Structures are given as C-alpha cells and as structure tokens.
Amino acid sequence: MHTKNNIIEIKSLTKIFYTKEREVKALENIDLSIGEGAVYGIIGMSGAGKSTLVRCINYIERPTSGTIVVDGKDLSRLNERELREVRRSMGMIFQQFNLLMQRTAEENITFPLEVSGMKKNEARMRAKELLEIVGLSDKAAAYPSQLSGGQKQRVAIARALATNPKVLLCDEATSALDPSTTKSILELLRDINKRLGITIVIITHEMSVIEQICTHVAIIDESGIAETGAVSEVFSHPKTAAAQRLVFPDGKRISQLIGRRCCRIVFEGSSSFDPVISRMILECKAQVNILFADMKDIDGKAFGQLVLQLPREDEVSDRIIRYLQSQDLSVEEVNGYVG
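How each quantity is defined
- Residues numbered from 1 in each chain as written.
- Predicted model: local features only at pLDDT ≥ 70, side-chain atom pairs only at ≥ 80, totals over all residues.
- Heavy atoms only, no water.
- Pairing = 2+ DSSP bridges.
- Helix = DSSP H or I, 4+ residues; strand = E, 2+ residues; numbered from the N terminus.
- Core = buried A, V, L, I, M, F, W, Y, C linked by side-chain atoms within 4.5 Å.
- Buried < 20%, exposed > 50% of the residue type's maximum accessible area, 1.4 Å probe, protein only.
- Domains from an automatic or database assignment.
- Contact = heavy atoms within 4.5 Å.
- Axes fitted to C-alpha atoms, helices over the stretch in contact; angles between N-to-C directions.
- Parallel < 35°, antiparallel > 145°, perpendicular 65-115°, else oblique.
- Left-handed = near helix turned anticlockwise from the far one by under 90°.
- Nonpolar A, V, L, I, M, F, W, Y, C, P; charged D, E, K, R; others polar.

As recorded in an unreviewed UniProt entry, the protein goes by the name ABC-type metal ion transport system, ATPase component, listed as coming from Ruminiclostridium cellobioparum subsp. termitidis CT1112.

Below you can see the structure in the form of structure tokens.
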C-alpha cells in the first residue's frame, strides 16, 4: 500500500553525544523520506548509528541539529504535551520485548490505553481485538514467563498497536528470535501493514530481514546514509562498499581471488530458471567456477544471484561478460569481493 505522501521527513539530522573527554558523532547530516504505508528498512552494522536514529525519530533523543517532520508536524516546534501526542501515533517494538512481567498478556496491552485515559472495559475489549490480530486469542491470561519469545513479541506488537499508531518503529525486533520465529513475526508485520495501512520502519543489521519484508531501504554506514532505494534495486545494483558488504554473500573478500576476475549475475523472476550458464559455456567454449549461488524472495519476486570466477585469459572473460549482458541479465565485475 503506497501513497505519494511522506509520513516521515528527516532533513540534515546530526546527533552528537558529549562526554567529558570528547564528542561522539552518532549521526551526521541524515536526509531520509519515508512514504506513507511503506515498509522501510534501515540497516547497518552495530555502532553505525541506526538505534540512535530510531530514538531521534520519536524524539526520545533530541537531535543536535536538523529537522524531523512526522505526519506534517515539525517535532522541534512542539511542546511536551504535543510531543506526547505524536509519540502516541508511533508504536515501538524492541529486541527484548519490554513487557511488564507481573501483568498478563491482556494487561500488558491495556496498560498504554489506561494511561491515556480509556475506561477499563473498553481497554479490555480493544486488547481482545488486538490479541486476535496477532494470533494469540487463547493467551490473554498468560504471563510473559509462560510465553515463548515469538509469543512475547506478538504481545509487544499488539501493545504497540493499542493506541492506533500511524507508524510502527521496530528496533532489532527479531534479533533475539530463531529463524522460523523471525519469519512468522515478519509475516505478521507485513500483514499488519497491508490490513491496517500502518507505515513500518524496521531497524536491523540483517539483510535477510530487509529482503523478506521491506519495500525500501536506507543503509547507514559510519553515522551517515551510504545508499537508499527500493530493496530490489539495491540488491541488483549495490553502488557503495557498504551496500556491497550487506548484499554480497557474507560480505568478505577471499584473498586468493585478488588479481583474478569475478562477476556477479542477478536473475529476476523467470530468468532464474533459464539454463543461461550452460548455454554460455557452450557458446563461449570456456569453463567458469561457480563461487556462490542463492535465491531470494524480495517483495514477492524471485531474485537469484550467482558469483562466477572467470578464466585467466582477459579475452575469454570479456567474451563471457558480453555474452551474459546480451541475455538481458544484470552483470557486474566484483573484483573478488565475494563470500
């Protein structure tokens, strides 16, 4: 569900933390536009500044300079009461769930509603609706200690939805979960995005999370934005070293490959099932070494990537690259920058 309006606009955002000894620039000159109804991923290695960014978006951390506009409101111009109102329109989900251990699942969800002045009965009805949305109708009376990690996160998502937010901020929401639980939580978030039209911002260090659920991505590297774009575009044509580290398998160079030529091929949709490599070997009369191959589902489309080690002779390598390009594939040389 996409509209042309941006629900979050970040301009020239800088955040500096001051200690006695020095100043630490956590974010520098960040510009970011997040469209209403998008599932937007913000990815970076730990220490890149992404968690600081999410805390600036809801003004838990005040930026040192720059502006953050949420749903048409410039947060720097709001008083405390107005800020609380805007924060209520942004639900937050954390890595460690942050549930109240002495309260049942239902009571965890009613808590923010009671704080905002809703009558207990109404809050309980709303909690029941939300437990149904996250698939936990039978766990209303369970305490967090009786729930699995995935169930706790579902309760946390229901609590974040309690105040009817327009935006859901997820800070490493799946990194404490195993792969299959992660998959089901991401499917739930995608479903919430489609059914309720809520904009979801996902902060993560895992490219697989971005590929599974996000439509757009911003890559943070050393406190700044390295690259932004549609996930499929960044996956197919990563322009910066930071993007290549995340997209290429394991993001490592293999030292013994330095000085030899490698190329990366990206297949989209039906071309993934085309025997193009075997045809290329016959056509170019040359052998290649497949270093890496995998398939991904990005925003509902099949994408494959293949990294080939090319023959030593430049002439033959050039011929192979020309042939692959003639097959309407995305082909780029990667200088041994592979897994």
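K.L.:
Would you take a moment to explain the sheet that holds strand E4 (residues 65-70) for this structure?
P.N.:
Within a sheet, each strand pairs with its neighbour through backbone hydrogen bonds, oriented either parallel or antiparallel. In spatial order, the strands read E2-E1-E4-E5; together these four strands make up an open sheet with antiparallel pairing. The sheet is open, and its two edges are formed by strand E2 (23-35) and strand E5 (73-74), each paired on a single side. Summarising the sheet, E4 and E5 pair through two bridges and their orientation is antiparallel. Bridge pairing in E5 places Val70 opposite Lys73.

K.L.:
Could you clarify how one ought to interpret the nonpolar core in this entry?
P.N.:
Within the largest apolar cluster, 53 residues are counted, with the highest numbers of intra-cluster contacts made by Ile93, Ile109, Ile157, Leu168, Leu189, Ile202 and Ile219. A domain split of this core shows at least three residues from each of domain 1 (6-244) and domain 2 (248-334). In contact with Ile219, other than residues within four places in its own chain, are Ile43, Gly224, Ile225, Ala226, Glu227, Val234, Ala242, Ala243 and Leu246. If you look at the next biggest cluster of nonpolar residues, it comprises 30 residues, including Ile10, Leu78, Leu83 and Val201.

K.L.:
It is not clear to me how the packing of helix H10 (residues 276-284) against helix H11 (residues 314-326) should be interpreted in this structure. Could you clarify?
P.N.:
Between two packed helices, the angle of one axis relative to the other and the distance separating the axes together describe the packing. Direction vectors running N to C along H10 and H11 enclose 135°, while the axes themselves pass 10 Å from each other. On the basis of the axis angle, H10 is oblique to H11. Considering the relative orientation of H10 and H11, their crossing is right-handed. Of the residues in H11, those touching H10 at Val276, Ile277, Arg279, Met280, Glu283 and Cys284 are Arg319, Ile320, Tyr323 and Leu324. In terms of residue class, the contact of H10 with H11 is built from seven nonpolar, no polar and three charged.

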